[in-house]
Amino acid sequence: MAEIQHFTMNFGPQHPAAHGVLRLVLEMEGEVIKKADPHIGLLHRGTEKLAESKPYNQTIGYMDRLDYVSMMCNEHGYVLAIEKLLGVVPPLRAQYIRVMFDEITRILNHLMWLGAHGLDVGAMTIFLYCFREREDLMDCYEAVSGTRMHATYYRPGGVYRDLPDSMPRYQASKWHSEKDVQRLNEARGGTLLDFIEAFTDRFPGCVDEYETLLTDNRIWKQRTVNIGVVSPERAMQLGFSGPMLRGSGVAWDLRKKQPYEVYADMDFDIPVGKTGDCYDRYLVRVEELRQSNRIIRQCIRWLRDNSGPVMLDDYKLVPPNRVDMKEDMEALIHHFKLFTEGYSLPAGESYAAIEHPKGEFGVYLVSDGANKPYRVKVRAPGFAHLSSMNEMVEGHMLADVVAVIGTQDIVFGEIDR
């Protein structure tokens, strides 16, 4: 009988299941993993260092590009840290809009995760289903900010602008016939809130479709049950947060434990796993899709009933409106100075953390009283999760490495920064 050979293999960085630029050096006995050594830094862009050379308000766009599937949540952490140092609280309507878009972003993130995780493990259809719903939510991003991904919508003191009264509509073209366009524009006749409400009406049915494909699918369960088990004690020692920690049975959610914005007024549940394996983490994230849908519906109800400002009227932070700018020289100078020089924060330090779709996303900010930060440090949830890769895959097969990378929901923008 042939001996089992000892291999050292590179998994990635060009492997499609490596989720970007992970280089995993695997030491294997035959097909069993003995050691997994993640090499990171292949997407390092110096975001934190760049932030130290720019005015505060010019760095919001860099935050979008950290975890590039949870754009507005990254902005939220950074903007909260600035607001803490300034000692300002955004208007209530702006807080509700932020919470609504945080949850839209959570759904976007989890749909991306579910589609990619399914595809990695071998389920093709789920990927197509998830992207069908993502497309609608991308349109919500586009409606408020003009862009589908890197929105720069949250600003210190509130949000860039109020929710629009109309949605972008499809036009007939060589790709879409008149009949197609009519069908596609059915939900786009009203306001953005109408469009999001129509989405929340049908989304639970979509989640049921995903669960029909996967939850009781025996191939899916064979690939995820008892794979990458992490005990609750070990999960806390490793610095897990978000669905990775809740999947191990620890009910820790910053939206409940340290509420920010208007989460204290929201009615939602925290899903928690039992065994801490890939399957439990899958169930936790799927239930989070449903809970986010609930929160969005509550925000829509409040936003319909209550109008008001979406930005503070502190002109140190807020640009003048466009009409004034066209007529008044002082307003034009004010606008120019605000966007080129920004504003100074009082000297001090602040840390703001939010419940990002992947875990605790924190921004530590040190100000020396200038118009740019002295130091910015981003606490990326994926970094702690990736560091557990070795002990999660040890003793498993090569094929299970893919399932574990998938369950960690890794995005390298935030890990390498």
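Described in the following lines is the structure provided in the data block. Just so you know, these numbers come straight off a predicted model, no measurement behind them. Each chain carries its own residue numbering, running from 1 in the direction its sequence is written. Owing to the predicted nature of the model, reporting of local features is limited to residues with pLDDT of at least 70; listing and counting of side-chain atom pairs is limited to 80 or more, with chain, interface and lining totals taken over all residues. Just so you know, side-chain values use all the structure's heavy atoms and leave hydrogens and water out.

## As for unusual backbone geometry
Selection criterion: Helix and strand labels come from DSSP, where a helix needs a run of H or I of at least four residues and a strand needs a run of E of at least two; each type is numbered from the N terminus. Three labels apply to residues, based on accessible area from a 1.4 Å probe with only protein chains included: buried if under 20% of the type maximum, exposed if over 50%, partly exposed otherwise in between.
Non-glycine residue Asn226 carries a positive phi angle of around 60°. Turning to its location among the elements, Asn226 is positioned in the loop between helix H8 (218-224) and helix H9 (232-237). Residue Asn226 is classed as exposed on the basis of its relative accessible area, which comes to 51%.

## Observations concerning the sheet that holds strand S7 (residues 359-367)
Defined as follows: Between any two strands, pairing holds if DSSP finds at least two bridges. Here an angle of 0 to 180 degrees is reported between the N-to-C directions of two axes, which are lines fitted to C-alpha atoms, with helices fitted over the stretch in contact.
Taking strand neighbours across the sheet as the criterion, the three strands line up as S6-S7-S8 in an open arrangement whose pairing is antiparallel. Looking along the sheet, the strands with just one partner apiece sit at the ends: strand S6 (348-356) and strand S8 (375-379). The average undirected angle you get between the axes of adjacent strands in this sheet is 10°. Inspection of the sheet shows S7 paired to S8 by five bridges, in the antiparallel sense. Considered in S8, the bridge of Tyr364 is made with Lys377.

## Focus: the sheet that holds strand S2 (residues 23-29)
Working definition: the strands of a sheet are paired by backbone hydrogen bonds and lie parallel or antiparallel to each other. Test applied: Contacts are assigned to residue pairs with any non-hydrogen atoms lying within 4.5 Å of each other.
Taken together, three strands build an open sheet; the order of strands is S1-S2-S3 and the sheet is antiparallel. Two strands lie at the open edges of the sheet, namely strand S1 (6-11) and strand S3 (32-39), each paired on one side alone. With strand direction ignored, the average angle separating the axes of adjacent strands in the sheet is 20°. Where S1 and S2 come together, six bridges link them in antiparallel fashion. Among the inter-strand pairings, Phe11 is bridged to a residue of S2, identified as Leu24. Packing of helix H17 (residues 398-408) onto the sheet brings it into contact with S1, S2 and S3, and relative to S2 it is tilted by some 145°.

## Topic: the packing of helix H4 (residues 92-121) against H17
Short version of the rule: Our angle categories are set so that under 35 degrees counts as roughly parallel, over 145 as roughly antiparallel, 65 to 115 as roughly perpendicular, and the remainder as oblique. Charged residues are taken to be Asp, Glu, Lys and Arg, nonpolar residues to be Ala, Val, Leu, Ile, Met, Phe, Trp, Tyr, Cys and Pro, and polar residues to be all remaining types, Gly included.
Taken N-terminus to C-terminus, the directions of H4 and H17 make an angle of 180°; their axes are 9 Å apart at the nearest point. The angle between H4 and H17 places the two elements in the roughly antiparallel class. Here H4 contributes Trp113, His117, Asp120 and Val121 to the contact with H17, which in turn contributes Val402, Ala403, Gly406 and Thr407. Of the residues that constitute the contact of H4 with H17, the class distribution is four nonpolar, three polar and one charged.

## Digging into the environment of His76
Here is the rule: Any pair of nitrogen or oxygen atoms within 3.5 Å is treated as a polar contact; in protein, a donor-acceptor pairing is required on top of that, and neighbouring residues in sequence qualify only through side-chain atoms on both sides.
Mapped onto the secondary structure, His76 falls in helix H3 (residues 71-86). Overall, the relative accessible area of 0% leaves His76 in the buried class. Not counting residues within four places of it along the chain, the set of residues in contact with His76 comprises Arg98, Asp102, Tyr154, Tyr260, Glu261 and Ile354. Reaching out from His76, the side chain makes a polar contact with the side chain of Glu261 at a distance of 2.7 Å.

## A word on the packing of aromatic side chains
Using the following cut-off: Note on ring pairs: Phe, Tyr and Trp rings are taken, using the six-membered ring of Trp, and paired if centres are within 6.5 Å. Classes follow the plane angle, with under 30 degrees stacked, over 60 edge-to-face and the rest tilted.
Applying the stated criterion across every chain yields a total of 11 aromatic pairs. Seen from their ring centres, Trp220 and Tyr282 are 5.3 Å apart, and the 70° between their planes marks the pair as edge-to-face. Taken together, the residues span a long stretch of sequence, with Trp220 in helix H8 and Tyr282 in helix H12 (residues 278-305) at a distance of 62 residues. Across this residue pair, the class does not change: Trp220 and Tyr282 are buried.

## Concerning H3
Stated formally: Here the expected length of a helix is defined as 1.5 Å per residue gap, with one fewer gap than residues.
Its 16 residues give H3 an end-to-end C-alpha distance of 23 Å, which sits within 8% of 22 Å, the value for a rise of 1.5 Å per residue. The buried count for H3 comes to 14 of 16 residues, which makes it a mostly enclosed element. Gly87 sits one or two residues past H3 and shows a positive phi near 75°.

## Examining a nonpolar patch on the surface
What counts, and what does not: The patches described consist of residues with a relative accessible area above 30% and no salt bridge, like charges being joined within 9 Å and nonpolar side chains (Val, Leu, Ile, Met, Phe, Trp, Tyr) within 5 Å. Accessibility throughout is a Shrake-Rupley quantity obtained with a 1.4 Å probe, and a residue counts as covered only by protein chains that appear here. The salt bridge criterion pairs a side-chain nitrogen of Lys or Arg with a carboxyl oxygen of Asp or Glu, the two atoms within 4 Å.
Taken together, Leu119, Met124 and Leu128 make up a surface patch of nonpolar side chains, about 290 Å² in accessible area. Following the sequence through the fold, Leu119 ends up in helix H4.

## Brief notes about the pattern of salt bridges
With the rule as written, the count across this model stands at 29 salt bridges. The salt bridge partner of Glu197 is Arg304, with a shortest N-O separation of 2.5 Å. On the criterion of sequence distance, the pair formed by Glu197 in helix H7 (residues 192-214) and Arg304 in helix H12 is long-range, its members being 107 residues apart. The exposure class of Arg304 is partly exposed, given its relative accessible area of 39%.

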